[in-house]
Every structure is written in C-alpha cells, then in structure tokens.
Amino acid sequence: GAGVSQSPSNKVTEKGKDVELRCDPISGHTALYWYRQSLGQGLEFLIYFQGNSAPDKSGLPSDRFSAERTGGSVSTLTIQRTQQEDSAVYLCASSPSGQNYGYTFGSGTRLTVV
Amino acid sequence: AQSVTQPDIHITVSEGASLELRCNYSYGATPYLFWYVQSPGQGLQLLLKYFSGDTLVQGIKGFEAEFKRSQSSFNLRKPSVHWSDAAEYFCAVLLYGGATNKLIFGTGTLLAVQP
C-alpha cells in the first residue's frame, strides 16, 4: 500500500486478556519497527526487524510482549495478560534497508486496558 | 549514552511569526538527525533529515534545520508560522551499528499558534 497500515486503530481490552496488534509496512521496506507512545514516557523503542529476524528486541518491556514478522512483510505485536500500564499508543514504522532513510510511521493503535 | 534533549515542552507563537524549536543531541559518532511532526491522533510525519554535507537542510512545509556540531544542536526553524503548523514536534537521532538500527526521540515540543 501507499503507507504503513495498522489495525485496529483503537482497542479496549480487559486487564489480563491477550491482544494482537497488526502492522502492514510499505511494500518493499525490509526494516520494520515498533514504538510505544505514552504520557510521561514519550516515544519508546520496542523492537526492530530486518526481514523476518529481530536483531534488536531490547526495548520489549517484559516477557509478556512478543512480536513476529512473516514473509518479510506483516508484523504482529502480541501483549499477553495485559496490565493497565500497557495502555498507550503503539506505533509501527518501516523503512528501506540502510541508514540513509527516515522511517514512515503508521497512525498507530490506541490500546486501553480497563 | 545517546540521547536527545528538547528543552521546550510547550511553545506558543503568533501566526506569521518566526519559529525556532531547539534540539540538542548526545552521540559519539557522526549523527543522523531527524525532525518529525505529529498532529493529534496521527502518526509521525518526517519533516527533514540530516546525514552529511550541507549543514542547513530544507524540509517539507517550509521548515529548515541547521546542524551545528560544535553546539551538538539541530534546531528547527520556520520563517512564518501558519495555524496549521500547530502540532507536536520531535527531534531524533539514529542509533545504528551492529545489530541495532533505531531512532532515539526527544520528549517533544508542543507548538500552539495564536491567531
């Protein structure tokens, strides 16, 4: 597609439930990133994919968080046993390989844990 | 450690006035620097980027930024602000090498534009 697509745009879930957030990057972009944006924490890096592998997952806050990418394209961020502190906007971005490019961000998924 | 500081949390300017948003970075090597803008409920849009060469870079929407290595700064400027420029602005440095490739963001500056 023309841009980075994320779904759902909004998600309300009960504490303790699992959620899956989806990201469709720009076609041909080999690098994919997940960030979290919350009040008081700003923009936090979660994980970086190059192709289907994740060489840097240092930003995942706990083992309740996991992500995968299949076919070098779509990525899913999964949060197990959600907690209220997981409430945030989760942003996905993609870029061509290499450093000489900025990232293109999606509009994000707003997650609310009640 | 690599970091980005945006000293101004909130700035208000009058429409038509000039604008400068400050950004200071801490990075050991040659920095790759970016400015992004975020409108309410939207993702981040790339305004401009600096990799090397000319230290004054031009971006979209009439924005420019100047890289000053001696001051570790990458300030964003616009000669005449429009009401549609009201948004949050983020400066970022790219941390790369080895297994990593990630943007480190500042905390953002919220710009309000008065009529």
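Just above sits the structure.
Residues numbered from 1 in each chain as written. Chains lettered and ligands numbered in written order. Predicted model: local features only at pLDDT ≥ 70, side-chain atom pairs only at ≥ 80, totals over all residues. Heavy atoms only, no water.

*Asks:* Help me understand the packing of aromatic side chains, please; the structure alone is not making it clear to me.
*Replies:* One pair of aromatic rings is described through two measures. These are the centre distance and the angle between the planes. Residue and element names in this part refer to chain B. Under the criterion given, the structure shown has 18 aromatic pairs over all chains. Note on F63 and Y89: the rings are 5.6 Å apart at their centroids and 50 degrees apart in plane angle, and the pair reads as tilted. With F63 in the loop between β7 (56-58) and β8 (64-68) and Y89 in strand β10 (residues 87-97), the pair connects residues that are 26 residues apart, well separated along the chain. When sorted by exposure, F63 lands in the same class as Y89, which is buried. (Phe/Tyr/Trp six-rings, centres within 6.5 Å; stacked < 30°, edge-to-face > 60°. Helix = DSSP H or I, 4+ residues; strand = E, 2+ residues; numbered from the N terminus. Buried < 20%, exposed > 50% of the residue type's maximum accessible area, 1.4 Å probe, protein only.)

*Asks:* Which parts of the structure should I look at to understand the sheet that holds strand β1 (residues 5-7) of chain A?
*Replies:* Think of a sheet as strands paired side by side through backbone hydrogen bonds, with each pair either parallel or antiparallel. Residue and element names in this part refer to chain A. If you walk across this open sheet you meet the four strands as β1-β3-β8-β7, and the pairing is antiparallel. Each having just a single partner strand, β1 and β7 (65-69) make up the two edges of the open sheet. Taken pair by pair, the neighbouring strands of this sheet meet at an average axis angle of 15 degrees, ignoring direction. As paired strands, β7 and strand β8 (residues 75-79) are joined by five bridges and run antiparallel to one another. Each residue of the ladder has a partner; that of F65, found in β8, is I79. (Pairing = 2+ DSSP bridges. Axes fitted to C-alpha atoms, helices over the stretch in contact; angles between N-to-C directions.)

*Asks:* How do you make sense of the interface of chain A and chain B when you look at a structure like this?
*Replies:* It is common to give the size of an interface as the accessible area that goes away when the parts come together. Each side of the interface is counted separately: chain A has 19 residues, and chain B has 20 residues. Of the roughly 1700 Å² buried where chain A meets chain B, counting both sides, 54% is carbon and sulfur surface. Counting the contacts that link chain A with chain B gives one salt bridge. Put simply, K102(B) and D56(A) hold a salt bridge, and the shortest N to O gap is 3.5 Å. (Contact = heavy atoms within 4.5 Å. Buried area = accessible area lost by both parts, 1.4 Å probe. Salt bridge = Lys/Arg side-chain N within 4 Å of Asp/Glu carboxyl O.)

*Asks:* Where do I start with the side chain of R69(A) in this structure?
*Replies:* All names here are of chain A. Among the secondary structure elements, R69 is positioned in strand β7. For R69, which is buried and forms no salt bridge, the nearest opposite charge comes from D24, at a distance of 8.7 Å. For R69, the side chain forms a polar contact with the main-chain oxygen of G51, separated by 3.1 Å. Sequence-distant contacts of R69, that is, excluding residues within four places in its chain, are made with P25, H29, T30, A31, L32, F49, G51, N52, V74 and S75. (Lys, Arg positive; Asp, Glu negative; His and termini not counted. Polar contact = N/O pair within 3.5 Å; in protein donor to acceptor, adjacent residues only side chain to side chain.)

*Asks:* It is not clear to me how the pattern of salt bridges should be interpreted in this structure. Could you clarify?
*Replies:* Pairing between side chains of opposite charge can happen when their charged atoms approach one another. Taken as a whole, this structure holds eight salt bridges over all chains when the rule is applied. Between R22(A) and D24(A) there is a salt bridge, and its shortest N-O distance comes to 3.0 Å. In this structure, a network of salt bridges that share partners links the residues E64(B), E66(B) and R77(B).

*Asks:* For this particular structure, what's the right way to read the pairing of β10(B)?
*Replies:* Successive side chains on a regular strand alternate, one facing one side of the sheet and the next facing the other. All names here are of chain B. Within β10, eight of the 11 residues are buried, which leaves the element mostly enclosed by the surrounding structure. Sheet topology places strand β5 (residues 33-38) next to β10; six bridges connect them, and they run antiparallel. Across the sheet, residue F34 finds its bridge partner in β10, namely A92. As judged from the three bridges shared by β10 and strand β12 (residues 109-114), these two strands associate in the antiparallel manner. Bridge assignment links A87 to a residue of β12, and that residue is L111. Bridge count for β10 against strand β11 (residues 100-105) is six bridges, and the pairing is antiparallel. Within β11, the position partnered with A92 by the bridge is F105. Between β10 and the antiparallel strand that follows it, β11, lie two residues; G98 among them carries a positive phi value of about 65 degrees.

Nothing here speaks to function; it is all geometry.
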